[in-house]
Amino acid sequence: MPVNPLDQLSELLLVSAIAVYAMAFIAFALDLARRSAAAQAVSAPLVREESRAERGGGTAVLVAEPPAAPPSEPRRTSARVGLALTVVALVLHAGAVVLRGVAAGRVPWANMYEFSMTGTLVMVLVFLGVLTRIDLRFLGSVITGFVVLLLGIATVGFHVEVSPLQPALQSYWLVLHVLVAILGTGFFTLAAALSAVQLLQVRRQRQVDAGRPERLKLLATVPTADRLENLAYRISVVGFILWTFTLIAGAIWADHAWGRYWGWDTKEVWTFIIWVVYAGYLHARATLGWRGTGSAWLNLIGYACILFNFGVVNVFFKGLHTYSGLPTG
């Protein structure tokens, strides 16, 4: 098969985007390190300081030692650099996705390589979109690091040459069903990151309450566990609505392609399992008052099901929906 120059250019842009995302990850990591230093300075141990009264009466007074310099400005600088690099990487990333679509003559999400490209692009877009309303820069290293990991795996393990669509995929439902699934996954990714930080924050609070030394000082500079949980819940609601549409649209598409709405295909089953887990999470939290670490773990279990559906079901299971694009046999 002849090499498609547009596809080659798409690969070059994608590799460039990975490199810039990696630099953004480093910048956000520096921001976290400076957050930790700031928290350490604020909670500096009390030191003894003698006063004139002490010299006369022999009394010692404990006085807090002030931080040497305000740490807020360099912290903001690192976060700004990380954010700027993320935007640059996003532009390169979007160019790679568009060129792949032009080279293929269709929407670029017909196999695992293309789904990885587009899915990670949407993850970053969701992160930046939410960032315009809520300051979640402390998640910058998590999101950019995860994107670098996924794109690296996709480039090394999932890359396939441009190929025409299989007959079952030649439908406008490909655009609706898969695009909404990608959007839902983007929101679920951000919610899972918030739940993971929530668990760390709960552990830190327990250490503080027990009088034990804190291991992650930077968590003192991020929102409280309750705030993180509320954000994760609200973002998961959006993801769940999109995933519900994904499930319904998939059933309609299956009827158009194979003459039945539901056939217990592996992919169909796992899409439904994901929906059930997130429905249970939202229902338990909204009506049963199930909050705290249990709620966070259930949210993370739902996201683990998404990763299993994408990374394991597509590769190792056979079925009508497993369009990995990878060579078989």
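In this report, we go over the structure that sits alongside the text. (Residues numbered from 1 in each chain as written. Predicted model: local features only at pLDDT ≥ 70, side-chain atom pairs only at ≥ 80, totals over all residues. Heavy atoms only, no water.)

1. Re the overall build of the chain
Thinking step 1. On a plain count of helices and strands, the chain comes out with nine helices and two strands.
Thinking step 2. A total of 329 residues make up the chain; the buried ones form 46% of that total.
Thinking step 3. Partitioning the intrachain contacts of the chain with sequence separation of at least 6 by distance along the chain shows that 78% fall at a separation of at least 24. (Helix = DSSP H or I, 4+ residues; strand = E, 2+ residues; numbered from the N terminus. Buried < 20%, exposed > 50% of the residue type's maximum accessible area, 1.4 Å probe, protein only. Contact = heavy atoms within 4.5 Å.)

2. Regarding the pattern of salt bridges
Thinking step 1. Inspection of the entire model under this criterion finds five salt bridges.
Thinking step 2. Residue Arg100 is joined to Glu114 by a salt bridge in which the shortest nitrogen-to-oxygen separation is 2.8 Å. Here Arg100, found in helix α3 (residues 72-104), pairs with Glu114, found in helix α4 (residues 112-131); they are 14 residues apart in sequence, far enough to count as distant. For the pair shown, Arg100 and Glu114 are each scored as buried.
Thinking step 3. Look at the salt bridges and you will find they share partners, linking Asp7, Arg100, Arg106 and Glu114 into a network. (Salt bridge = Lys/Arg side-chain N within 4 Å of Asp/Glu carboxyl O.)

3. Here we look at the environment of Leu218
Thinking step 1. As for its placement among the helices and strands, Leu218 is situated in the loop between α6 (173-209) and α7 (225-258).
Thinking step 2. Leu218 has contacts with Leu32, Arg35 and Ser36, leaving out every residue within four places of it along the chain.

4. Re the packing of α6 against helix α9 (residues 293-316)
Thinking step 1. Orientation of α6 relative to α9, taken along the N-to-C sense of each, is 145°, at an axis distance of 9 Å. Between α6 and α9 lies a crossing whose hand is left-handed. Across the interface between the two elements, Thr185, Phe188, Thr189, Ala191, Ala192, Ser195, Ala196, Gln198, Leu199, Val202 and Arg206 from α6 touch Thr293, Ala296, Trp297, Asn299, Leu300, Tyr303 and Ile306 from α9.
Thinking step 2. Each residue belonging to the contact of α6 with α9 can be placed in one class, and the counts come to eleven nonpolar, six polar and one charged. (Axes fitted to C-alpha atoms, helices over the stretch in contact; angles between N-to-C directions. Left-handed = near helix turned anticlockwise from the far one by under 90°. Nonpolar A, V, L, I, M, F, W, Y, C, P; charged D, E, K, R; others polar.)

5. Things to note about the packing of α7 against helix α8 (residues 266-287)
Thinking step 1. Interhelical geometry of α7 versus α8 gives an angle of 145° and a closest axis separation of 10 Å. The way α7 lies across α8 gives a crossing that is left-handed. Contacts from Glu229, Asn230, Ala232, Tyr233, Ser236, Val237, Phe240, Trp243, Thr244, Leu247 and Ala254 of α7 reach α8 at Glu268, Thr271, Phe272, Ile274, Trp275, Tyr278, Ala279, Tyr281, Leu282, Arg285 and Ala286.
Thinking step 2. When the residues that make up the contact of α7 with α8 are grouped by side-chain class, the tally is 15 nonpolar, four polar and three charged.

In short, shape yes, function no, at least from these values alone.
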